[in-house]
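Fold and contact review
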Amino acid sequence: MNLLWEWLADPNNWSGPEGVWTRLVEHLSYSLVTLVIAALVGIPLGLWIGHTGRGRLTVVNLVNGMRSVPTLGLLFVAVLVVGPLLAGDVAFLGPAIFVLVILAIPPILAGAYAGVEGVDPGVRDGARGMGMGELQVLTKVEIPVALPLIFSGLRSAALQVVATATIAASVSVGGLGRFLIDGQAYRDYGEMAAGALLVALLAVCVDLVFAAVQRLVVSPGLAAPNDSLRWRAAPQSVPTTT
Amino acid sequence: MNWFLGHLDEVGSLMATHAVLASAPLLAGLLLAIPLGWLARRYRVLRTPLIVGTGLLYTIPSLALFILMPLVLGTGILDPLNVVVALTVYTVALLVRTVSDGLASVPEDVLQAASAMGIGRVSRFFKVELPLAVPVISAGLRVAAVSNVSIVSVAALLGIAQLGSLFTDGFARNYLDPIVVGILACIALALVFDLLIVALTKVATPWLRVGSPA
């Protein structure tokens, strides 16, 4: 325990190109880039599947199947196979981001799909009856109603990405995971534990930020009275961790 | 393939360790989650703190939790107990909500019928509520089992031997074969766990097999 506080109390560990702040920015930027790419792929695809009902079985199997693939193995394979094709730092960062994106897509896809799929058919028919076109039904009715689940998908994905980005330090990329991996290499438990604590705090903060944004964005008509609906819908987007 | 055939013993023993490290937390987690889930269901006030609290624990990345465990348990960093306890935490986090949802899925009239037949509170829980909640709990258990198998492999980064060691060894030697074998072995193990839980659920819920949709 003392080693942990000593490490955290040393200002040298916080500043400079290998300090906590730099690593934190690295960690957040990997995570953000990953999440944006994964959302650009996963949300439209999920909305389309939910709206048309095509390929729903594929989504369910994909999400369940991906859960059984060990992240660490996937990461190493990507670096060994894709890495040599790239030069410099990108040789590690490229494959790492690729794996992060692959892991982030299923929960996002599942959230968007389950959200649209769960829209009350009566509501959808009502929108059509009012003369809305398919695109309007999607953007004005289905997406707003699906927002809670779209967000819970993004939230799961974000946690998964923050966690996997930590492990990615084992393939020589930056981020807070460096402290865990380097501390292990130097037999410095203080550094490891401090890094682990910072990663845990980061994950909790990310979760809380997503929870807060979700509250702000979701229509109050959906959020307030119907708590039971949220719980019932939840198993569709079971959180993932790594 | 040749690599695999030449290292059957090694892969087998790593797989056995892996299976223990992934399944022990599953059982421990289930045993802990049943009373906690019951509390969350029975007392509304406790529901939010229990589910939010365990949910926050669930957000902690596994590598970080493995490393922090010695501070809580007083173990060494290489102690497999760290992995077992950390995964138990995840399993409980996942299952508290599932158990509570499962108990909530038992129809009220069934409970009233059971009480009217004179069954006591405790035996009503074990003979009626819990068995009827099995399908929901089993769904959560499957998710926990499969993700446990995957998460255990991360512990290889700390030097705790199991199938994940094939990843770290292969990576250190720039050698793909052991990594691929390790991935396939992990997936196979996850599949076995999954099928086992499905089979046990079938045995535990004979009424679902007679054709009445539930």
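Keep in mind the model is a prediction, meaning the values are calculated, not measured.

Observations regarding the overall build of chain B
- Looking only at helices and strands, one finds 9 helices and 0 strands in chain B.
- Counting from the amino terminus, chain B carries its helices and strands in the arrangement α-α-α-α-α-α-α-α-α.
- The proportion of buried residues among the 214 residues of chain B is 43%.

Re the overall build of chain A
- The number of helices and strands found in chain A is 11 helices and 0 strands.
- Starting at the N terminus and walking to the C terminus, you meet the elements of chain A as α-α-α-α-α-α-α-α-α-α-α.
- Residue burial in chain A is summarised as follows: out of 242 residues, 48% are buried.
- Contacts in chain A between residues at least 24 apart in sequence constitute 75% of all its contacts with a sequence separation of at least 6.

Details of the environment of Ile150(A)
Residues and elements named next belong to chain A.
- As for its placement among the helices and strands, Ile 150 is situated in helix H7 (residues 134-167).
- Spatially, the C-alpha atoms of Ile 150 and Gln 214 are 9.4 Å apart, while their sequence positions differ by 64 residues.
- Ignoring sequence-local partners within four residues, the contact set of Ile 150 consists of Ile 43, Gly 111, Ala 112 and Gly 115.

Some remarks on the nonpolar core
- Among the nonpolar cores identified, the biggest contains 132 residues, and Leu75(A), Leu100(A), Ala104(A), Ile108(A), Ala196(A) and Ala64(B) are the most heavily contacted of them.
- No other element matches the 17 residues that H7(A) contributes to this core.
- Setting aside chain neighbours within four positions, we find Ile108(A) in contact with Ala38(A), Ala39(A), Gly42(A), Ile43(A), Gly46(A), Gly153(A), Leu154(A) and Ala157(A).

Section: the interface of chain A and chain B
- Each side of the interface is counted separately: chain A has 37 residues, and chain B has 39 residues.
- Element by element, the count of residues in the side of chain A that touches chain B is highest for helix H9 (residues 189-217) of chain A, at 10 residues.
- Across the side of chain A that touches chain B, the residue classes tally to 26 nonpolar, 9 polar and 2 charged.

Quick look at the environment of Val154(B)
Residue and element names in this part refer to chain B.
- Here Val 154 is to be found in the loop between helix H7 (121-152) and helix H8 (164-172).
- Overall, Val 154 belongs to the buried group, with 28 C-beta atoms counted inside 10 Å.
- Sequence separation of Val 154 and Leu 63 is 91 residues, and the distance between their C-alpha atoms is 6.6 Å.

A closer look at the packing of H9(A) against helix H4 (residues 62-73) of chain B
- In contact at an axis separation of 8 Å, H9(A) and H4(B) are set at 120° when each is read in the N-to-C sense. Between H9(A) and H4(B), the interaxial angle falls into the category oblique. Where H9(A) crosses over H4(B), the handedness of that crossing is left-handed. Facing H9(A), whose interface residues are Met192(A), Ala193(A), Ala196(A), Leu197(A), Val199(A) and Ala200(A), H4(B) presents Ala64(B), Ile67(B), Leu68(B) and Leu71(B).

Some thoughts on the confidence of the model for chain A
Residue and element names in this part refer to chain A.
- For chain A, the mean per-residue pLDDT works out to 87, and 92% of the residues sit at or above 70.
- No element of chain A has a lower mean pLDDT than helix H11 (residues 227-233), which averages 44, and none a higher one than helix H2 (residues 20-52), which averages 94.
- Overall, residues 225-238 carries pLDDT values under 50, and its contacts beyond four positions in sequence, including any with other chains, amount to 18 contacts.

Thoughts on unusual backbone geometry
- In this structure, Arg187(A) takes a positive phi of about 55° despite not being glycine.
- For Arg187(A), the position within the fold is in the loop between helix H8 (177-185) and H9.
- One non-glycine residue, Asn174(B), adopts positive backbone phi at about 55°.
- Looking at where Asn174(B) falls in the secondary structure, it is placed in the loop between H8 and helix H9 (176-204).
- Residue Asn174(B) is classed as exposed on the basis of its C-beta count, with 11 C-beta atoms lying within 10 Å.

Rules used throughout
- Residues numbered from 1 in each chain as written.
- Chains lettered and ligands numbered in written order.
- Predicted model: local features only at pLDDT ≥ 70, side-chain atom pairs only at ≥ 80, totals over all residues.
- Helix = DSSP H or I, 4+ residues; strand = E, 2+ residues; numbered from the N terminus.
- Buried ≥ 20, exposed ≤ 12 C-beta atoms within 10 Å, placed from the backbone.
- Contact = placed C-beta atoms within 7 Å.
- Core = buried A, V, L, I, M, F, W, Y, C linked by C-beta atoms within 7 Å.
- Nonpolar A, V, L, I, M, F, W, Y, C, P; charged D, E, K, R; others polar.
- Axes fitted to C-alpha atoms, helices over the stretch in contact; angles between N-to-C directions.
- Parallel < 35°, antiparallel > 145°, perpendicular 65-115°, else oblique.
- Left-handed = near helix turned anticlockwise from the far one by under 90°.
- pLDDT = per-residue confidence, 0-100.

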